[in-house]
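One-letter residues, chain by chain:
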Amino acid sequence: MIAALQQKAILGTSKRHMAILVCGILGLGLITVAGNVQASALHAAAHDVRHANGFACH
Amino acid sequence: MILKSLTSGIVAGAAAGLFTGLLQLALVQPVLLHAELYETGALVHRGAEAVSARWEWSGIDPARDGLSLLFSMLIFAGYGLLLTAAMSLATEGETSISPRAGAIWGVCGFVAAQLAPAFSLPPEVPGAAHIDLSQRQIWWYATVAVTAVALWLLAFGRSNWHALAAIVLLLAPHVIGAPQPEHFEGPVPQELAALFASRALGAGLAGWTVLGATLAWLRKHSAESSV
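Residues numbered from 1 in each chain as written. Chains lettered and ligands numbered in written order. Predicted model: local features only at pLDDT ≥ 70, side-chain atom pairs only at ≥ 80, totals over all residues. Heavy atoms only, no water.

S.K.: Hey, could you run me through the side chain of B:Glu36 in this one?
M.R.: By the secondary structure assignment, B:Glu36 is in helix α2 (residues 29-39). Given the relative accessible area of 16%, B:Glu36 is considered buried. A polar contact of 3.1 Å, which involves the side chain of B:Glu36, links it to the side chain of B:Arg64. For B:Glu36, the residues in contact, after removing those within four places along its chain, are A:His47, B:Arg64 and B:Pro126. (Helix = DSSP H or I, 4+ residues; strand = E, 2+ residues; numbered from the N terminus. Buried < 20%, exposed > 50% of the residue type's maximum accessible area, 1.4 Å probe, protein only. Polar contact = N/O pair within 3.5 Å; in protein donor to acceptor, adjacent residues only side chain to side chain. Contact = heavy atoms within 4.5 Å.)

S.K.: How do you make sense of the UniProt feature "transmembrane region" (unreviewed entry) in chain B when you look at a structure like this?
M.R.: Residue and element names in this part refer to chain B. Within this numbering scheme, the UniProt entry marks residues 67-90, 102-119, 139-156, 163-180 and 192-218 as carrying the feature "transmembrane region" (unreviewed entry). The span residues 67-90 is 100% helix and 0% strand, and its two end C-alpha atoms sit 34 Å from each other. Secondary structure content for residues 163-180 is 78% helix and 0% strand, and the end C-alpha separation is 29 Å. (UniProt positions renumbered as here; feature names shortened; annotations may be inferred.)

S.K.: Where do I start with the packing of aromatic side chains in this structure?
M.R.: Aromatic rings considered in pairs are described by the distance between their centres and by the relative angle of their planes. Applying the stated criterion across every chain yields a total of eight aromatic pairs over all chains. Taken together, a centroid distance of 6.4 Å and an interplanar angle of 75° make the contact between B:Trp105 and B:Trp152 edge-to-face. On the criterion of sequence distance, the pair formed by B:Trp105 in helix α4 (residues 99-120) and B:Trp152 in helix α5 (residues 133-156) is long-range, its members being 47 residues apart. An angle of 40° between the planes, with centres 6.2 Å apart, marks the rings of B:Trp105 and B:Phe156 as tilted. Separated by 51 residues along the polypeptide, B:Trp105 in helix α4 and B:Phe156 in helix α5 bring together distant segments of the chain. Judged by its relative accessible area of 17%, B:Trp105 falls in the buried class. Relative accessible area serves as the criterion here: at 39%, B:Phe156 is assigned to the partly exposed category. Three or more aromatic residues joined by ring pairs form one cluster here, namely A:Phe55, B:Trp140 and B:Tyr141. (Phe/Tyr/Trp six-rings, centres within 6.5 Å; stacked < 30°, edge-to-face > 60°.)

S.K.: Where do I start with the nonpolar core in this structure?
M.R.: Side chains that are nonpolar tend, in soluble globular proteins, to be buried together. By size, the foremost hydrophobic cluster in this structure holds 25 residues, and its most contacted members are B:Tyr79, B:Leu83, B:Met87, B:Trp208 and B:Leu211. With sequence-adjacent residues up to four places away left out, B:Tyr79 is seen in contact with A:Ile31, A:Asn53, A:Phe55, B:Ala113, B:Gln114, B:Trp208 and B:Leu211. Core analysis: the second largest hydrophobic core is formed by eleven residues, B:Ala35, B:Leu192, B:Phe196 and B:Ala203 among them. (Core = buried A, V, L, I, M, F, W, Y, C linked by side-chain atoms within 4.5 Å.)

S.K.: Can you walk me through α5(B) in this structure?
M.R.: Note: α-helices contain 3.6 residues per turn, so residues at a spacing of three or four share the same orientation. For α5(B), built from 24 residues, the straight-helix expectation of 34 Å at 1.5 Å per residue is met to within 8% by its first-to-last C-alpha distance of 34 Å. Inspection of α5(B) places B:Leu133, B:Arg136, B:Gln137, B:Trp139, B:Trp140, B:Thr143, B:Val144, B:Thr147, B:Ala150 and B:Leu151 among the buried residues, and these make up the whole buried set. (Expected span 1.5 Å × (residues − 1).)

S.K.: Explain the pattern of salt bridges to me, please; I cannot follow it from the model alone.
M.R.: Where charged atoms of side chains with opposite charge meet at close range, the side chains can pair. Enumeration over the complete set of coordinates arrives at three salt bridges over all chains. Across the pair B:Arg64 and A:Asp48 runs a salt bridge, and its minimum N-O distance is 2.6 Å. Linking B:Arg64 in helix α3 (residues 62-91) with A:Asp48 in helix α2 (residues 40-52), this pair reaches from one chain into another. Taking the relative accessible area as the measure of exposure, A:Asp48 reaches 5% and is therefore buried. In this structure, B:Glu36 and B:Arg64 form a salt bridge, with 3.1 Å as the shortest nitrogen-oxygen distance. (Salt bridge = Lys/Arg side-chain N within 4 Å of Asp/Glu carboxyl O.)

S.K.: Explain the interface of chain A and chain B to me, please; I cannot follow it from the model alone.
M.R.: Frequently, the measure chosen for interface size is the accessible area that the parts lose on association. The partner chain B presents 41 residues to the 32 residues of chain A that form the contact. Summing the contributions of chain A and of chain B, the shared interface buries around 3,300 Å²; its carbon and sulfur component is 70%. Sorting the residues of chain A by area buried against chain B places A:Arg16, A:Asp48 and A:His58 first, and these three jointly supply 18% of that buried surface. Taken together, the links from chain A to chain B amount to one salt bridge. At the boundary of chain A and chain B, one finds nine residue pairs in polar contact (both at pLDDT 80 or more). For the side of chain A that touches chain B, the secondary structure elements donating two or more residues are α1 (2-36) and α2 of chain A. No other element matches the 17 residues that α1(A) contributes to the side of chain A that touches chain B. A class-by-class count of the residues in the side of chain A that touches chain B yields 18 nonpolar, eleven polar and three charged. (Buried area = accessible area lost by both parts, 1.4 Å probe. Nonpolar A, V, L, I, M, F, W, Y, C, P; charged D, E, K, R; others polar.)

S.K.: Would you take a moment to explain the packing of α2(A) against α3(B) for this structure?
M.R.: Any two packed helices are characterised by the angle at which their axes cross and by the distance between the axes. Across the interface, α2(A) lies against α3(B) with an axial gap of 8 Å and an inter-helix angle of 80°. If you check the angle between α2(A) and α3(B), you find them roughly perpendicular. Residues A:Leu42, A:Ala45, A:Ala46, A:His47, A:Asp48 and A:Val49 of α2(A) form the contact with α3(B), whose participating residues are B:Arg64, B:Leu67, B:Ser68, B:Phe71, B:Ser72 and B:Ile75. Residues that form the contact of α2(A) with α3(B) fall into these classes: seven nonpolar, three polar and two charged. (Axes fitted to C-alpha atoms, helices over the stretch in contact; angles between N-to-C directions. Parallel < 35°, antiparallel > 145°, perpendicular 65-115°, else oblique.)

This is the structure we're talking about:
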């Protein structure tokens with residue numbers, strides 16, 4: 001019983017860490033693509049928002 | 001748990017991004033469009049004749065403004081995911097952050113992601129003088145990262161040494177200095193540039209506050225509904 005509970009707690013912790021990692025990586029990726037990547041179509045589409053959110057744009 | 005975290009981060013971020021995008025369209029975009037007339041030379045500041053400070057807004061541009069709303073939602077979805085990761089790390093998986101406390105989390109996110117970089121690289125109107133983009137982007141990422149760590153140490157550090165380290169980290173990017181241009185060359189009147197920077201920061205603060213409160217509410221709500 002105790003072993004099973006411990007196992008569950010360990011699984012819960014590793015799932016939580018995985019969720020933190022996935023959110024962190026995806027969040028950083030989204031900000032990089034929408035805010036910082038300089039491909040010209042992306043730059044043109046995101047131009048006004050980049051200026052308004054204080055990203056380095058040009 | 002992964003799906004739930006992703007969903008609440010993206011939904012809260014998209015909602016806050018829509019709110020911020022609309023706020024920017026109403027209060028920041030007109031200043032940007034006015035500044036663009038000076039960037040392109042359609043208006044000239046300090047020419048032979050004084051230029052009127054009044055300007056008629058040209059109205060909604062569906063394609064341009066629609067893309068701005070979309071990208072505002074994408075950027076805030078990114079902020080929302082990072083805030084989800086930070087909240088989850090701080091609460092050890094519990095969802096005990098109230099929407100009011102979430103708003104304070106949002107203000108801290110604003111300080112890390114917008115106010116701290118703006119302290120040395122203020123939001124620019126189009127046409128402002130600048131140097132190599134990649135140097136500024138590296139400085140931007142480094143500043144956001146060390147400011148976030150500093151705020152974390154201030155909030156959760158247990159000794160005075162943590163607070164001291166936080167102060168050093170908060171100051172470091174600005175003491176080292178952001179990449180600055182060699183010459184001033186901006187054709188846009190300083191009145192417009194200053195208004196743009198403060199409006200951009202104000203809209204950012206409002207957006208991040210909404211993001212933090214909405215995210216905390218969503219996390220609480222989704223935890224309660226699954227019990």
